[in-house]
Amino acid sequence: MCAGFVLVEMAVDEETLHLVKSVAKVLGFIGGRSDKPDSGYTIEEQAADLYALVEVLGLTAFDLVAHSTSAAIAVEYLLAFPNAVSTLILVNPVPMEGIFTPVDTLSLLEAMRADRALHRNALAAMMPAFDPAASDEDAAFFEALLDDAQAMAPPAFTEVAVSLNGWSRLAN
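### Regarding the pairing of strand β4 (residues 85-91)
Across six bridges, strand β3 (residues 62-67) lies against β4 in parallel orientation. Following the sheet pairing, L64 is matched in β4 by L88. Regarding topology, helix α3 (residues 69-80) serves as the crossover connection from β3 to the parallel β4, and that connection is right-handed.

### A word on the environment of E44
Position of E44 among the secondary structure elements: in helix α2 (residues 43-57). When the C-alpha positions of E44 and E76 are compared, they lie 6.6 Å apart, and in sequence the two are 32 residues distant. Excluding its chain neighbours within four sequence positions, the residues that come into contact with E44 are E76, S163 and W167.

### Considerations on the nonpolar core
In this structure, L64, Y77, L164 and W167 are the most contacted members of the largest nonpolar core, which totals 22 residues. The set of elements that each furnish at least two residues to this core consists of α2, β3, α3 and α7 (159-166). With six residues, α3 is the largest single contributor of residues to this core. With sequence-adjacent residues up to four places away left out, W167 is seen in contact with I43, E44, A72, V75, E76, V94, P95, M96, E97 and G98.

### Focus on the packing of α2 against α3
Describing two packed helices takes the angle between their axes plus the distance from one axis to the other. Following both chains from N to C, one finds α2 and α3 inclined at 65 degrees, their axes separated by 8 Å at the closest point. When the axis of α2 is compared with that of α3, the two are roughly perpendicular. In this structure, the crossing between α2 and α3 has a hand that is right-handed. Across the interface between the two elements, I43, E44, Q46, A47, L50, Y51 and V54 from α2 touch T69, A72, I73, E76 and Y77 from α3. When the residues that make up the contact of α2 with α3 are grouped by side-chain class, the tally is eight nonpolar, two polar and two charged.

### Focus on unusual backbone geometry
In this model, S68 sits at a positive phi of 55 degrees, which is unusual for a non-glycine residue. Among the secondary structure elements, S68 is positioned in the loop between β3 and α3. Exposure remark for S68: the relative accessible area of 26% places this residue in the partly exposed category. For N92, which is not glycine, the phi torsion reads 45 degrees and is therefore positive. Turning to its location among the elements, N92 is positioned in the loop between β4 and α4 (103-114). Overall, N92 belongs to the exposed group, its relative accessible area being 59%.

The rules behind these values
Residues numbered from 1 in each chain as written. Predicted model: local features only at pLDDT ≥ 70, side-chain atom pairs only at ≥ 80, totals over all residues. Heavy atoms only, no water. Pairing = 2+ DSSP bridges. Helix = DSSP H or I, 4+ residues; strand = E, 2+ residues; numbered from the N terminus. Right-handed = clockwise from strand over helix to strand, strands pointing away. Contact = heavy atoms within 4.5 Å. Core = buried A, V, L, I, M, F, W, Y, C linked by side-chain atoms within 4.5 Å. Buried < 20%, exposed > 50% of the residue type's maximum accessible area, 1.4 Å probe, protein only. Axes fitted to C-alpha atoms, helices over the stretch in contact; angles between N-to-C directions. Parallel < 35°, antiparallel > 145°, perpendicular 65-115°, else oblique. Left-handed = near helix turned anticlockwise from the far one by under 90°. Nonpolar A, V, L, I, M, F, W, Y, C, P; charged D, E, K, R; others polar.

Dropping the structure here:
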């Protein structure tokens, strides 16, 4: 296994790429100030983004760990580039037949975009062990997460769920 973990809030571009390339082999990214595109949220498009990142970083035969929705992205990447990954670890992955998201749930996701209090409650429900009221630092961290989530492009709230509706590795 590779060692190391880095949390980065930065745009990766020509000026900062050397910082990422010199870091330990396991990278984790949270937040960021990059563009908030209106497209690129399908599983296949995100797998292509992973390919582009791997190419820029010059990684070969690396260990890939994916959680939840990113497991679908990792599977698509691995199917397209079977020799690129030494080890694939899926943690609580989405089902390989995709996930049906009811229209009511898509409506709720859309409502979170416009309603910060609803979004705050949803984010808190996904982090039951984290108490933002524990300290000023925790409260600031939680608000920064919420700010970042609220800054997502409108399609980012629903398009991944829509993409998983049509994604299946068990079909055909």
